[in-house]
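Architecture at a glance
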Amino acid sequence: MNKPNSESLNMATEGWEAINWQKVERYVFKLQKKIYAASRQGDKRRVRQLQKTLMNSWSNKVLAVRRVTQDNRGKKTAGVDGIKSLSPEARIRLTRQLKLTGKSKPTRRVWIPKPGRDEKRPLGIPTMYDRALQGVVKTALEPEWEASFEATSYGFRPGRSCHDAIKHIKDSIQTKAKYVLDADIAKCFDRINHEALLQKLNHKGKVRRQVKAWLKSGVIDFKRYSATNEGTPQGGVGALRSVLW
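What you see is a predicted model, and the numbers here were worked out from it, not measured in a lab. (Residues numbered from 1 in each chain as written. Predicted model: local features only at pLDDT ≥ 70, side-chain atom pairs only at ≥ 80, totals over all residues. Heavy atoms only, no water.)

**So, the pairing of strand 2 (residues 120-125)**
- Examined bridge by bridge, strand 1 (residues 107-113) and strand 2 share 6 bridges and lie antiparallel to one another. When the sheet's bridge partners are listed, Ile112 is paired in strand 2 with Arg121.
- Hairpin connection, strand 1 to strand 2: the antiparallel pair is bridged by 6 residues, and Gly116 has positive phi, about 75 degrees. (Pairing = 2+ DSSP bridges. Helix = DSSP H or I, 4+ residues; strand = E, 2+ residues; numbered from the N terminus.)

**Overview of the sheet that holds strand 3 (residues 219-221)**
- With mixed pairing, 4 strands are arranged side by side in an open sheet as 2-1-3-4. Across the chains shown, the open sheet's two edge strands, defined by having one partner strand only, are strand 2 and strand 4 (224-226). For this sheet the average axis-to-axis angle between neighbouring strands, irrespective of direction, equals 40 degrees.
- In this sheet, strand 4 lies alongside strand 3 in antiparallel orientation, the contact comprising 3 bridges. Residue Val219 lies in a different strand from strand 4, and its bridge partner there is Ser226. (Axes fitted to C-alpha atoms, helices over the stretch in contact; angles between N-to-C directions.)

**What about empty space enclosed by the protein?**
- All chains considered together, the criterion is met by 2 cavities of 30 Å³ or more.
- A volume near 30 Å³ is recorded for the second largest cavity.
- Every residue lining the second largest cavity is listed: Ser104, Lys105, Thr107, Pro126, Asp130, Gln134, Trp214 and Ser217.
- Of the residues that constitute the lining of the second largest cavity, the class distribution is 2 nonpolar, 4 polar and 2 charged. (1 Å grid on protein atoms, 1.4 Å probe; cavity = no way out; pocket = protein on both sides within 12 Å on 5 of 7 lines; lining within 4 Å. Points joined across faces, edges and corners; volume = space filled by probe spheres on them. Nonpolar A, V, L, I, M, F, W, Y, C, P; charged D, E, K, R; others polar.)

**Some thoughts on the environment of Glu195**
- Mapped onto the elements, Glu195 comes out in helix 8 (residues 194-201).
- Considered as a pair, Glu195 and Leu215 are 20 residues apart in the sequence and their alpha carbons are 9.9 Å apart.

**As for helix 3 (residues 44-56)**
- Compared with an ideal rise of 1.5 Å per residue, which puts 13 residues at 18 Å, helix 3 spans 18 Å between its outermost C-alpha atoms and is within 8% of the ideal.
- By the burial criterion, the buried members of helix 3 are Val47, Leu50, Gln51, Leu54 and Met55. Down the axis, helix 3 shows its buried residues gathered within 135 degrees of arc, on one side only. Turned more than 90 degrees away from the buried face of helix 3 sit Arg45 and Lys52, all of them exposed.
- Buried residues along helix 3 sit in contact with helix 2 (21-40), helix 4 (58-71), helix 6 (128-146) and helix 9 (205-215). (Expected span 1.5 Å × (residues − 1). Buried < 20%, exposed > 50% of the residue type's maximum accessible area, 1.4 Å probe, protein only. Arc of directions from axis to C-beta. Contact = heavy atoms within 4.5 Å.)

Dropping the structure here:
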């Protein structure tokens, strides 16, 4: 396979099975490291240039398609498009179609039970196309924000888990007693202010329009459409949550 960042690749002849995933992942990670470094240095112009390069790269797009169609646990859950599985040829076609258009289809709301309770919580499932495109954008946005997050922040961050937070708490309370504040914000993600989130995102042009389209795309629940004037869907890739927290 030729250089993974080459947009001149003949994907029809290469085929999904022939993709060198090690080279693809290495190229994407290399660009992410550059974005992280530029963000740490406060060079916003270079951050935006690198993010644009990454969002337009074939490697990032094909990796996003693999994640939503093969790797993620929710890959068999369909959005309003009804699509929940793709053939290798269809994955290549989807990769070639991905681009920021400033448009989005509504999410499909599904209700799942809360563990140990009779209540259910809603998940907004985007279409396969929107999930893949969210993955493309998330990959470019994440390293910028990772550079400024606090070391003790664990929510919605790559390479971190609840176990890391538990270990940090254990290390902090071993030497002396401390107060613990347990807070649960009711309907937190359901009430996020769209304009405040877009301002914090601090992007202009296509990225801002695309993120706004996802926020405003609406929800279809039991075949009824509802507009979304606040909140973020809790069933997508999660590009916005890492920024918020």
